[in-house]
Amino acid sequence: MELWYTEEHTPTVRFSIKVESQLVNVRSQFQHICVFESEEFGRFLTLDGLMMLTERDEFIYHEMIVHVPMAVNPSARRVLIIGGGDGGTVRELVRYQGIERIDMVDIDEMVVNICREHLPSTSCQLGDHRVHLHFEDGLRFVRGFENAYDLIIVDSTDPFGPGEGLFTREFYGNCFKALSPDGILVNQHENPYYESYSHAMTRAHRRIREIFPIHRVYQAHIPTYPSGHWLFGFASKRRDPLSDLDSTAWSNLKLTTRYYNLNLHTGAFMLPNYVLELLEDAK
Ligand code: SAM
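Rules and cut-offs
- Per-chain numbering applies: the sequence of each chain, read as written, is numbered from 1 onward.
- This being a predicted model, a pLDDT of at least 70 is required before a residue's local features are given, and a value of 80 or more before pairs of side-chain atoms are given or counted; all residues contribute to the totals for chains, interfaces and linings.
- Hydrogen atoms and water are omitted, and side-chain values are computed over all heavy atoms in the structure.
- To get an axis, a line is fitted to the C-alpha atoms, and for a helix only the part in contact is used. The angle between two axes follows their N-to-C directions and goes from 0 to 180 degrees.
- Each helix corresponds to a stretch of at least 4 residues labelled H or I by DSSP, and each strand to a stretch of at least 2 residues labelled E; elements are numbered beginning at the N terminus.
- By the definition used in this description, the sense in which the near helix is turned from the far one sets the handedness, with an anticlockwise turn below a right angle giving left-handed and a clockwise turn giving right-handed.
- Should any heavy atoms of two residues lie within 4.5 Å, those residues are considered in contact.
- Classification used: nonpolar for Ala, Val, Leu, Ile, Met, Phe, Trp, Tyr, Cys and Pro, charged for Asp, Glu, Lys and Arg, polar for all others including Gly.
- Relative accessibility decides the category of a residue: with a 1.4 Å probe and only protein chains considered, values under 20% of the type maximum give buried, values over 50% give exposed, and everything between is partly exposed.
- If DSSP finds at least two bridges between two strands, the strands pair.
- A clockwise path from the first strand over the helix to the second, with the strands pointing away from the viewer, defines a right-handed crossover.
- In this scheme, roughly parallel covers angles under 35 degrees and roughly antiparallel covers those over 145, while 65 to 115 is roughly perpendicular and the rest are oblique.

**Description of the packing of helix α6 (residues 169-178) against helix α7 (residues 195-211)**
Where α6 contacts α7, the two axes come as close as 9 Å, and the packing angle between them is 40°. In the crossing of α6 with α7, the sense of the turn from one axis to the other is right-handed. Here Arg-169, Tyr-172, Gly-173 and Phe-176 of α6 lie close against α7, whose contacting residues are Ala-204, Arg-207, Ile-208, Glu-210 and Ile-211. Class assignment of the residues belonging to the contact of α6 with α7 gives a composition of five nonpolar, one polar and three charged.

This is how it looks when you write it as structure tokens:
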């Protein structure tokens with residue numbers, strides 16, 4: 001008998017992966033957590049029936065969520081990750097020797113434990129001495145900090161369920177306060193193609209642009225996310241992602257990457273017209 005994982009991308013569109021076996025199928029206090037083994041994508045993690053990452057294409061998401069802001073401020077020292085329980089974002093960040101401290105705040109300890117056991121390729125650096133894990137709601141954690149972080153990465157689930165609060169004005173306002181004057185906020189910004197997602201994207205973008213003077217959007221191709229076209233938000237107090245790109249400092253780090261490079265950095269901010277129109281609507 002064949003086993004298939006199927007995800008509804010819209011009520012009339014489904015995406016399926018042939019599965020060899022199911023390794024995890026549990027409900028935590030917050031969400032339904034599954035890990036599957038597949039031939040095409042290796043192991044993959046889903047939360048509440050939505051794809052979080054696969055072993056084969058996660059490098060695209062994690063490189064783009066980390067190296068884009070780090071190439072704009074390669075001297076960032078204090079980093080906060082909200083979500084990110086699989087550890088992929090931490091894995092990319094610890095490659096920067098200049099980073100002194102990484103606080104990772106995931107609401108669900110069970111996701112982290114499961115990833116440590118079943119997804120070592122992403123969770124492998126969670127034990128780095130600079131990484132401090134906190135198991136609580138990111139919305140609550142970020143309240144009350146001032147000038148505490150140079151970079152905040154919101155590596156969250158979608159804006160429903162436990163991730164909902166991470167797309168609110170209150171959250172973005174507290175991130176603004178928690179950031180240093182040179183601080184950067186990067187968040188996963190959903191996909192622009194399907195209406196239910198693009199709606200969430202324009203709403204998030206509208207809220208961010210009300211708070212941050214610099215607010216840009218960049219893109220990547222991620223095969224296993226709905227429509228394969230994924231956006232990230234880049235917001236900051238004064239660093240522009242293109243004119244402040246520090247190509248020399250980033251090249252000198254000599255990091256090997258499989259997706260990110262400095263030409264792609266600039267290209268990723270060049271958006272298709274229909275996406276520009278959606279962002280214009282966010283005004
Ligand atoms: N790359 C993924 C994506 O965009 O599909 C995100 C993966 S990561 C596993 C998402 C993490 O966000 C999960 O581990 C989840 O527990 C965490 N999360 C969801 N809501 C949260 C909240 N309010 N505070 C902190 N972490 C949260």
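**Details of the pairing of strand β6 (residues 78-83)**
Buried residues dominate β6, accounting for five of its six residues. Across five bridges, the pairing between β6 and strand β7 (residues 101-105) is parallel. Paired with Leu-80 across the two strands is Asp-103, which belongs to β7. Traced from β6 through helix α2 (residues 88-93) to β7, the parallel crossover comes out right-handed.

**Brief notes about the sheet that holds strand β3 (residues 32-38)**
Taken in spatial order, the five strands make up an open sheet running β1-β2-β3-β4-β5, and their pairing is antiparallel. Either end of the sheet is taken by a strand with one partner, and the two such strands are β1 (3-10) and β5 (50-54). Geometrically, the sheet is characterised by an average inter-axis angle of 45° between neighbouring strands, direction not taken into account. Of the strand pairs in this sheet, strand β4 (residues 42-47) and β5 are connected by four bridges, and their pairing is antiparallel. Across the sheet, residue Phe-44 finds its bridge partner in β5, namely Thr-54.

**Describing the packing of α7 against helix α10 (residues 273-281)**
As a packed pair, α7 and α10 sit with axes 8 Å apart at the nearest point and diverge in direction by 55°. Taken together, the axes of α7 and α10 are oblique relative to one another. In this structure, the crossing between α7 and α10 has a hand that is right-handed. Across from Ser-198, Met-201, Thr-202, His-205, Arg-206 and Arg-209 in α7, the residues of α10 making contact are Leu-278, Leu-279 and Asp-281. Its residues assigned to classes, the contact of α7 with α10 comprises three nonpolar, three polar and three charged.

This is a description of form; function is not addressed.
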